[in-house]
Amino acid sequence: MKLSGGVEWALHCCVVLTAATEPVPAARLAQLHDVSPSYLAKQMQALSRADLVKSVQGKTGGYVLTKPAADIAVLDVVQAVDGASPAFVCTEIRQRGPFGTPPDDCTKACPIARAMSAADAAWRASLREVSIADLVGTVEQDSGPDALPAIGTWLNAANATDG
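Reference entry: report on the structure contained in this document. (Residues numbered from 1 in each chain as written. Predicted model: local features only at pLDDT ≥ 70, side-chain atom pairs only at ≥ 80, totals over all residues. Heavy atoms only, no water.)

Some thoughts on the pattern of salt bridges
Here comes step 1: Going through the model one piece at a time under the given rule, you end up with two salt bridges.
Here comes step 2: Where Arg94 meets Glu92, a salt bridge forms, and the shortest distance between an N and an O atom there is 2.6 Å.
Here comes step 3: Note that Arg124 is salt-bridged to Asp120, the shortest N-O span being 2.8 Å. On the criterion of helical spacing, the pair formed by Arg124 and Asp120 is a turn pair, its members being four residues apart in helix H5 (residues 111–128). (Salt bridge = Lys/Arg side-chain N within 4 Å of Asp/Glu carboxyl O. Helix = DSSP H or I, 4+ residues; strand = E, 2+ residues; numbered from the N terminus.)

So, in structure tokens, the structure goes:
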């Protein structure tokens, strides 16, 4: 399973948005993470289309989460950025070649497709069980309780200095 870099960026943005008390411009989020503003803006737009964040217009506009962090699963972010398609798509290769199985004999998915489907379901279930709030708690454990509030202060300072 390979996820795009946009998933990582989007997850980090969702985590730090929990610390902001005001909308945060995408450019400020890009600056915080030292990533491409235009590429990050695309990830934020994907999150917005999925109704995980909303864009607030105006001089002090930017992005905010649309619901509590506990109600946003990591899987929601993954699917917003990379889509909900399964990682493996069976092409029925068993029906090809000199020993191909006739389509009428393929009444159930082959063992490979079943194994891949089970793996896909397992990782989705795992990511469904982890919320943005869970990630926030882990950041606080790993980096200390002051890390996210400090980031929130820095993020909010952009609007204070833009006025």
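A closer look at the pairing of strand S2 (residues 62–65)
Here comes step 1: As paired elements, strand S1 (residues 53–56) and S2 share four bridges and run antiparallel to each other. When the bridges of S2 are listed, Ser55 appears paired with Tyr63. (Pairing = 2+ DSSP bridges.)

Thoughts on the layout of surface pockets
Here comes step 1: The calculated volume of the largest pocket comes to roughly 180 Å³.
Here comes step 2: If you go around the largest pocket, the residues you meet are Leu11, His12, Val15, Val16, His33, Leu135, Thr138, Val139, Ser143, Ala147, Leu148 and Ile151.
Here comes step 3: Listed by contribution, the elements that provide at least two residues to the lining of the largest pocket are helix H1 (5–17), helix H6 (132–143) and helix H7 (147–162).
Here comes step 4: Of the residues assigned to the lining of the largest pocket, the class counts are eight nonpolar, four polar and no charged. (1 Å grid on protein atoms, 1.4 Å probe; cavity = no way out; pocket = protein on both sides within 12 Å on 5 of 7 lines; lining within 4 Å. Points joined across faces, edges and corners; volume = space filled by probe spheres on them. Nonpolar A, V, L, I, M, F, W, Y, C, P; charged D, E, K, R; others polar.)

What about the packing of aromatic side chains?
Here comes step 1: Counted according to the given criterion, the structure contains one aromatic pair.
Here comes step 2: The lysine or arginine in question, Arg28, covers the ring of Trp154, its NZ or CZ lying 3.5 Å from the ring centre. (Phe/Tyr/Trp six-rings, centres within 6.5 Å; stacked < 30°, edge-to-face > 60°. Lys NZ or Arg CZ within 6 Å of the ring centre and 35° of its normal.)

Some words on the nonpolar core
Here comes step 1: In this structure, Leu17, Leu29, Met44, Leu47, Val77 and Ile132 are the most contacted members of the largest nonpolar core, which totals 35 residues.
Here comes step 2: Within the residue set of this core, elements represented by two or more residues are H1, helix H2 (26–33), helix H3 (37–49), S2, helix H4 (74–82), H6 and H7.
Here comes step 3: Top element by residues in this core is H1. It accounts for eight residues.
Here comes step 4: Other than its neighbours up to four places away in sequence, Ile132 contacts Leu11, Cys14, Val15, Thr18, Ala69, Ile72 and Val77. (Core = buried A, V, L, I, M, F, W, Y, C linked by side-chain atoms within 4.5 Å. Buried < 20%, exposed > 50% of the residue type's maximum accessible area, 1.4 Å probe, protein only. Contact = heavy atoms within 4.5 Å.)

What about the packing of H4 against H5?
Here comes step 1: The geometry of H4 relative to H5 is characterised by a closest axis approach of 6 Å and an angle of 120° between their N-to-C directions. In terms of orientation, H4 and H5 fall into the oblique class. Here Val74, Leu75, Val78 and Gln79 of H4 lie close against H5, whose contacting residues are Trp123, Arg124, Leu127 and Arg128. (Axes fitted to C-alpha atoms, helices over the stretch in contact; angles between N-to-C directions. Parallel < 35°, antiparallel > 145°, perpendicular 65-115°, else oblique.)

A word on a nonpolar patch on the surface
Here comes step 1: A contiguous nonpolar surface patch, about 270 Å² in accessible area, is contributed by Phe88, Ile112 and Met116.
Here comes step 2: Among the structural elements, Phe88 can be located in the loop between H4 and H5.
Here comes step 3: Residue classification places Phe88 among the partly exposed residues on the basis of a relative accessible area of 32%. (Patch = residues over 30% accessible without salt bridge, like charges linked within 9 Å, V, L, I, M, F, W, Y side chains within 5 Å. Areas by Shrake-Rupley, 256 points an atom, 1.4 Å probe, with all protein chains shown as cover.)

A few points about the side chain of Arg28
Here comes step 1: Tracing the sequence through the fold places Arg28 in helix H2.
Here comes step 2: For Arg28, the side chain forms a polar contact with the side chain of Gln31, separated by 3.2 Å. (Polar contact = N/O pair within 3.5 Å; in protein donor to acceptor, adjacent residues only side chain to side chain.)

A few points about the state of the cysteines
Here comes step 1: As enumerated under the stated definition, the model contains zero disulfides in all.
Here comes step 2: Here Cys14 stays unpaired: no disulfide links it, and the sulfur of Cys13, its closest cysteine neighbor, is 7.2 Å away.
Here comes step 3: Looking at the unpaired Cys90, the closest cysteine sulfur is the one in Cys110, lying at 4.8 Å. (Disulfide = S-S within 2.5 Å.)

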